[in-house]
Amino acid sequence: MIHQKNPISRFPNLSINIGPLRLKNPVLLASGTCGYGTELDGLLDLEQVGGIIVKGISIKPRPGNPPPRLVETPCGLLNSIGLENVGIESFIRDKLPWLRNVKTSLIVNILGNSVEEYSEIAKKLDGAEGVKAIEVNISCPNVKAGGIAFGTDPEAAASVTHAVKKATSLPVIIKLTPNVTDITEVARKVAASGADAISLINTLLGMAIDIKSGRPALANVFGGLSGPAIKPIALRMVWQVVRAVDIPVIGIGGISTPDDAIEFLMAGAKAVEIGTATLVRPDTAKNVLAGIKDYMETNSIQNIENLQLPA
Amino acid sequence: MIHQKNPISRFPNLSINIGPLRLKNPVLLASGTCGYGTELDGLLDLEQVGGIIVKGISIKPRPGNPPPRLVETPCGLLNSIGLENVGIESFIRDKLPWLRNVKTSLIVNILGNSVEEYSEIAKKLDGAEGVKAIEVNISCPNVKAGGIAFGTDPEAAASVTHAVKKATSLPVIIKLTPNVTDITEVARKVAASGADAISLINTLLGMAIDIKSGRPALANVFGGLSGPAIKPIALRMVWQVVRAVDIPVIGIGGISTPDDAIEFLMAGAKAVEIGTATLVRPDTAKNVLAGIKDYMETNSIQNIENLQLPA
Amino acid sequence: MPRFDIPANIVEQTQLAHGIFLLTVNAPAILDSANPGQFCMLEVKYNNSRDPLLRRPLSIYKTRANGQISFLYKEVGRGTRLLSKRRPGEIVRVLGPLGQGFRLIHDRPCILVGGGLGIASLLLLAERINQSGKLIILIGAGNASEIPTVEDFSGLTRYFHVATEDGSLGQRGMVTDLLAQTLQEITGMAQIYTCGPWPMMKAVYHMVCKRNIPCQVSLEAAMACGIGLCLGCAVPKSDGQGFLHVCKEGPVFDADQVNWEYSL
Amino acid sequence: MPRFDIPANIVEQTQLAHGIFLLTVNAPAILDSANPGQFCMLEVKYNNSRDPLLRRPLSIYKTRANGQISFLYKEVGRGTRLLSKRRPGEIVRVLGPLGQGFRLIHDRPCILVGGGLGIASLLLLAERINQSGKLIILIGAGNASEIPTVEDFSGLTRYFHVATEDGSLGQRGMVTDLLAQTLQEITGMAQIYTCGPWPMMKAVYHMVCKRNIPCQVSLEAAMACGIGLCLGCAVPKSDGQGFLHVCKEGPVFDADQVNWEYSL
Ligand SMILES: Cc1cc2nc3c(=O)[nH]c(=O)nc-3n(C[C@H](O)[C@H](O)[C@H](O)COP(=O)(O)OP(=O)(O)OC[C@H]3O[C@@H](n4cnc5c(N)ncnc54)[C@H](O)[C@@H]3O)c2cc1C
Ligand SMILES: Cc1cc2nc3c(=O)[nH]c(=O)nc-3n(C[C@H](O)[C@H](O)[C@H](O)COP(=O)(O)OP(=O)(O)OC[C@H]3O[C@@H](n4cnc5c(N)ncnc54)[C@H](O)[C@@H]3O)c2cc1C
Ligand SMILES: Cc1cc2nc3c(=O)[nH]c(=O)nc-3n(C[C@H](O)[C@H](O)[C@H](O)COP(=O)(O)O)c2cc1C
Ligand SMILES: Cc1cc2nc3c(=O)[nH]c(=O)nc-3n(C[C@H](O)[C@H](O)[C@H](O)COP(=O)(O)O)c2cc1C
Ligand code: FES
Ligand code: FES
């Protein structure tokens, strides 16, 4: 990519639209890795990031899985938190008041075990002041379909999308699971069902064995793999989905440096989410953002959207 | 796992059967990462390893993909070699004579773009002196089905298995691709179609972008991800397949230390293949084998098969 | 509770015994707000390598007026091994101080029960208690070389006892033997603080809960963030209602909050 | 051709200029069978970290009778950066000597054309040619600091010329300017050896092939194994029939085997 050096571009424009949602910049905090925001107080200025996506919320509080819930793997992290969360009521009552005063876009990640649950929780958020969008985690088991994840079944993914769109007037981002043969098939279905945007990837299903104890290292046996290790897979899927659908795509997976983020933006993602990297270093999002700005200035790129490579 | 200390077990038995194939130990060299064997001369004593699986062979020689063909990723390697190989005739004429004098089990990895190609090449190997088994790479595009990989379509995987079994009396190992929603579905089909064993995983589809040039880092855009980064995914799939089929399973993916190999053996793999780790350090297989022996001696495990954890 | 994530200069790295190290860094900001029982997350990956990915939690062992913090740690795996290779003059990222430390109790004798490197979280506490009340220190280990810094404690109080399983230091036996003896001598109320291997803390808790002696325990769990973001550091609660989160609600808990039957 | 994969002791690590280092290791076994133009694969990951995963190829720059090998390298990314942090007394795994080096030609003047750190593969060759025939050395770089070891070459022959783009050393201009001048002076046959950036080598090849002067080039390619296992290090052949493999059939090739139109 050759870009003309242009002195005008000393202050690059980083704001973007994700469908109806306007973000001041494309660097978001991924669900499950930034708590409910307060936990980062003093370590990362939340008002600098483009948005914060809180821990996945369900209808009822969930205790999560028994420990051990974490294992480190080469350049990666396996987790089986089990979607522990305070539930929608406590979220609205106890967490939202603090969050709504933070000057950034608040996106609530939701989860359920049936289409009805997704729909119900989306309804509850519809009126909630301060919530700018909903991100729908469809990696959860569909209890009615024998526990197969919604996200691995294009039809089920479509149903959830339909139901959530009907239940709320907020912008709806559907978050895809990478554990599928053809990510574009699910993406197309979800787009056709009215999603405002797609984010991907959630974690890859993995496991580890503790050879000292001779037992799976996670109490839950399987867990979700995240971190730098998965970046090549995430980037490939983002590239594919960008070329398969017309709605905006948000890239996630192993981003920990500005260069990582730029790869996703070049692949065509409108924004990126930082997950595991925030766990390792709380101010990663700030550094990624600064690095993107530097890159744009150095290469005289005025608008963040101009980073995208031709298809 | 508590194992009784037992002085008898000073010389653990590492030999195993993969269906009709007897191996002196469970550590094999993976296809595409050990060339045609000669390349390792002087750096690894091939007679020490349980077997060597040569670079995937096709009917006709293949030039492979244009460069760049390699990119390093966090704890991983992306490759798009494009199945470059000398073709079956040159293999039998030029490579086999040297290989057949190496005192280890020689397994030939084969590939094709149609069921007929797989079948034809298997027939050619049937009579080839020195070949102990065939490993079938079904990650290749099925040209008749619009280029979808055989391994991502359970029916196509079954057809290849049937055809290869019919074409040869050699033991047939079907090597699965991990780029699927449900690995057990493919595994069951392959087992039901007569495979003597299953090996997994092949590489995960990934990509990288060179942000300096603003182009995909591989000329082929997509490539296969291997190395330590993928180990948790590989181990999970091996665990699942071991519990889904009755035929022996060979574990592959990111193994570079004895502990890695022991995890796969505990998960129920009868043997393991070392891939990328041999590229990084040619004598990895030897070190892995020594470490497995040590572990067995320390824990007084007489037979390698006793490493397997209960289902 | 201010927390800081700083590139700290390594001042000293000393091997005290086989596999046991004392790392001293310059981190005045962290020191200023550190309380006994708190910990830090240390980056162990080298330079711009990305592996090992996660930081490692280590208790704040010792502090000095000049802004230095020391960590007492054992090499158990890849992370602590890499940490032990770092040299003075190099930089290590340190995030801290983290978690809820020990709550100080002033109106009764305080008994500190440390097992092995569990003593790493007890020194600041011992120093603090020492300033105001009666302090009893009981330390146990397999052998003397597992607790090379025992002298940091021995000068703090005359009620100081050590037990080693091989008898290489102090009484031969377990730290719980020392506790049993101590409890016999104590008639009124007391406060227990303990840190060490899970089975030891469990035994301590069972010994004292019968006598209604309150007990604060410092727990460990696998951690990714150390600051409450990931919810990974869960330990089951005694009431069966979900989990404690070691990094945020702990690492110090009242022992009766913990489900001791769960083996991690 | 015996090859060895050995843990080599670092004897010296010197920064010669901004981002340019000379690393000397003790590796007598490798040295004994090394030929001009061969290279080694060096492990760059630190201790038991697994990242960066791959080794890095570096040419054998200099050898000493006492078994020491030196590598001249530039910090361009994570791997070379980590390598530059390694210190004397530490161990680095080195696999070598690898590949097909330069073929020596005795019956005509030899012209060595080096660009930037491409000179790293030319010193042994220059020393060897110097023993038997007429040697002309032409070196180019952006500026003087990119070729801090130029003096290793200048003593070998009186036919020695340097060009820098900014004129900070030798003639202002490109190494191809020097080559053009040299070719004018040469009437009979000659042999070219070149190593440097792809566009430079391409230009050199085009200049000399017109006059039917044979040219050996030392190529680079991304490598995983360095020994022919992975087939990753492909460069298109001039005849359109597949690829050259830099690590095994090269890194030195006859320039007319290479498809110079392909830009890597
Ligand atoms: C709040 C807290 C304070 C701590 N303070 C200290 C201290 O002051 N000094 C000290 O030496 N250690 C302390 N630890 C333990 C220390 O964090 C681990 O030993 C370290 O993280 C292991 O890293 P590693 O890479 O060397 O081992 P790994 O390779 O990650 O693991 C090696 C072995 O250690 C076990 N292990 C890994 N992490 C933990 C953990 N967090 N707790 C218990 N076992 C673990 C693994 O299961 C494995 O068997 C503390 C832990 C916590 C949670
Ligand atoms: C046979 C051979 C001999 C070599 N000899 C020397 C030598 O003597 N001295 C020296 O300084 N360098 C030499 N190189 C180049 C050296 O191997 C690379 O600079 C090094 O591998 C980069 O590693 P890195 O981790 O620092 O960079 P990375 O982070 O891997 O990459 C940084 C940048 O360098 C580029 N790069 C990576 N690998 C190569 C490569 N192999 N060739 C060209 N560009 C690359 C990348 O595209 C990227 O833009 C040689 C290469 C080969 C193939
Ligand atoms: C500890 C942890 C908890 C997570 N919890 C959630 C969650 O509640 N909802 C969700 O949609 N994704 C969750 N994720 C997935 C991340 O948001 C992200 O998609 C994934 O980790 C890949 O990005 P990364 O490699 O940057 O971490 C979680 C990830 C981690 C590591
Ligand atoms: C450079 C390279 C070439 C490969 N070529 C083949 C091949 O020809 N046939 C095949 O079945 N698998 C091939 N593979 C896949 C490996 O055999 C192995 O399944 C995969 O790399 C995962 O194992 P690893 O992580 O240990 O490398 C190749 C892998 C690499 C890295
Ligand atoms: S370690 Fe992340 S919440 Fe405790
Ligand atoms: S680098 Fe592996 S074949 Fe050349």
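Residues numbered from 1 in each chain as written. Chains lettered and ligands numbered in written order. Predicted model: local features only at pLDDT ≥ 70, side-chain atom pairs only at ≥ 80, totals over all residues. Heavy atoms only, no water.

J.: How would you sum up the domain arrangement of chain C? Please name residues and give values.
T.: Residues and elements named next belong to chain C. Per the domain assignment, the segments making up chain C are domain 1 (4-98) and domain 2 (110-257). Between the C-alpha centres of domain 1 and domain 2 the distance comes to 22 Å. At the interface, 22 residues of domain 1 touch 22 residues of domain 2. Among the residues of domain 1 in contact with domain 2, Pro36, Tyr61 and Leu72 are the three that bury the most area, contributing 31% of the side total. Applying the counting rule to domain 1 against domain 2 returns 1 salt bridge. Two residues, Lys62 and Asp152, come together in a salt bridge whose shortest N-O distance is 3.4 Å. (Domains from an automatic or database assignment. Contact = heavy atoms within 4.5 Å. Buried area = accessible area lost by both parts, 1.4 Å probe. Salt bridge = Lys/Arg side-chain N within 4 Å of Asp/Glu carboxyl O.)

J.: If you had to explain the site of ligand 3 to someone new, which residues and values would you point to?
T.: Within the structure, ligand 3 sits among 24 residues, and A:Ser31, A:Lys175, A:Gly227, A:Gly254 and A:Thr276 are positioned closest to it. One finds residues of chains A and C in close proximity to ligand 3. Note that an oxygen atom of ligand 3 is positioned 2.7 Å from one of the backbone N or O atoms of A:Ser31. Contact distances for ligand 3 include 3.2 Å between an oxygen atom and a side-chain N or O atom of A:Asn137. The fraction of the free accessible surface of ligand 3 (600 Å²) that becomes covered by protein chains is 98%. Residue composition of the shell around ligand 3, by class: 7 nonpolar, 15 polar and 2 charged. (Near = heavy atom within 4 Å. Polar contact = N/O pair within 3.5 Å; in protein donor to acceptor, adjacent residues only side chain to side chain. Areas by Shrake-Rupley, 256 points an atom, 1.4 Å probe, with all protein chains shown as cover. Nonpolar A, V, L, I, M, F, W, Y, C, P; charged D, E, K, R; others polar.)

J.: Give me the lowdown on the packing of aromatic side chains, citing residues and values where you can.
T.: All chains considered together, the criterion is met by 14 aromatic pairs over all chains. For the pair A:Tyr118 and A:Phe150, a centre-to-centre distance of 5.3 Å together with 85 degrees between the ring planes defines the contact as edge-to-face. Taken together, the residues span a long stretch of sequence, with A:Tyr118 in helix α2 (residues 115-126) and A:Phe150 in the loop between β10 (148-149) and α3 (154-167) at a distance of 32 residues. As far as burial versus exposure is concerned, A:Tyr118 and A:Phe150 are alike and both buried. The interplanar angle of 45 degrees and the centroid separation of 6.1 Å between the aromatic rings of B:Tyr36 and B:Phe91 together place this pair among those described as tilted. One end of the pair, B:Tyr36, is in the loop between β3 (27-29) and β4 (51-57); the other, B:Phe91, is in helix α1 (residues 88-100), and 55 residues separate them in sequence. The two residues B:Tyr36 and B:Phe91 agree in class, both being buried. Grouping aromatic residues by their ring pairs yields a cluster made of C:Trp198, C:Tyr205 and C:Trp260. One Lys or Arg, B:Arg69, reaches over the ring of D:Phe243 and ends 4.6 Å from the middle of that ring. Cation over ring: C:Lys134 sits above C:Tyr159, and NZ or CZ is 4.4 Å from the ring centre. (Phe/Tyr/Trp six-rings, centres within 6.5 Å; stacked < 30°, edge-to-face > 60°. Helix = DSSP H or I, 4+ residues; strand = E, 2+ residues; numbered from the N terminus. Buried < 20%, exposed > 50% of the residue type's maximum accessible area, 1.4 Å probe, protein only. Lys NZ or Arg CZ within 6 Å of the ring centre and 35° of its normal.)

J.: Before we move on, could you go through the side chain of D:Gln68 and cite the residues and values that matter?
T.: Residues and elements named next belong to chain D. Mapped onto the secondary structure, Gln68 falls in strand β6 (residues 68-74). Its relative accessible area of 12% is what places Gln68 among the buried residues. Within the structure, the side chain of Gln68 is placed 2.8 Å from the side chain of Arg64, a separation counted as a polar contact. Setting aside chain neighbours within four positions, we find Gln68 in contact with Val11, Thr24, Val25, Asn26, Leu31, Lys62 and Thr63.

J.: Describe unusual backbone geometry, with residues and values.
T.: Between A:Pro67 and A:Pro68 the backbone carries a cis peptide bond, its omega angle lying at -5 degrees. Within the fold, A:Pro68 resides in the loop between β4 (51-57) and β5 (70-73). A cis amide bond links C:Gly96 with the next residue in sequence, C:Pro97, at an omega value of -5 degrees. Here C:Pro97 is to be found in strand β7 (residues 91-98). With phi around 55 degrees, A:Cys75 is a residue other than glycine that occupies positive phi space. Examined against the element boundaries, A:Cys75 turns out to sit in the loop between β5 and β6 (76-79).

J.: Explain the site of ligand 4 to me, and be specific about the residues and the numbers.
T.: Neighbouring residues of ligand 4: 24 residues in total, closest B:Ser31, B:Lys175, B:Gly227, B:Gly254 and B:Thr276. In this structure, ligand 4 is bordered by residues of chains B and D. Backbone polar atom of B:Gly254 to an oxygen atom of ligand 4: 2.7 Å apart, as the coordinates give it. Burial of ligand 4 by the surrounding chains reaches 98%, relative to a free accessible area of 600 Å². The residue inventory of the shell around ligand 4, partitioned by class, reads 7 nonpolar, 15 polar and 2 charged.

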